[in-house]
Amino acid sequence: MDCDRIGLLLDHVDACTSPSELIWDRIEAIRFSDEFVLSAARDLRLGCALESMLGLARDLGLCTLGADAMPGGASLSGRFEFDYMPAPVADSPTRARASAKTSATATLSR
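A. Spotlight on the side chain of Thr64. In this fold, Thr64 is placed in strand E3 (residues 63–65). A relative accessible area of 2% means that Thr64 is categorised as buried. Setting aside chain neighbours within four positions, we find Thr64 in contact with Ile30, Phe32, Leu54, Ala57, Glu81, Phe82, Asp83 and Tyr84.

B. Here's a closer look at the sheet that holds E3. Pairing in this open sheet of three strands is parallel, and the strands run E1-E2-E3 from one edge to the other. Two strands bound the open sheet, and with one partner strand each, they are strand E1 (8–13) and E3. Across the sheet, the axes of successive neighbouring strands diverge by a mean angle of 20°, strand direction being ignored. Strand direction decides the pairing type here: strand E2 (residues 27–32) and E3, joined by three bridges, are parallel.

Definitions and cut-offs
Residues numbered from 1 in each chain as written. Predicted model: local features only at pLDDT ≥ 70, side-chain atom pairs only at ≥ 80, totals over all residues. Heavy atoms only, no water. Helix = DSSP H or I, 4+ residues; strand = E, 2+ residues; numbered from the N terminus. Buried < 20%, exposed > 50% of the residue type's maximum accessible area, 1.4 Å probe, protein only. Contact = heavy atoms within 4.5 Å. Pairing = 2+ DSSP bridges. Axes fitted to C-alpha atoms, helices over the stretch in contact; angles between N-to-C directions.

If you want it as structure tokens, here you go:
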């Protein structure tokens, strides 16, 4: 195994995660805990912590993954900018079939 070609994902990052854990050389991406993201949307201090961690990740060139959906249909879009978020759930079977067909076509064309 060539250790120089391996990157790691730091998973379940939350307010208890030390910023020094993000700067380790082998970390290439971080995935924030869904609970942390949802709490940060409702709490000013946690929101500031999340914004700081996202800024540090961007400065370090790390990919960020996080939640986008909140209970009750509210959205985090525009407040916290992650590189990747889960795809929204299709509202209807027709939309789901169209989405699956598009995904299959995109996979085949690669």
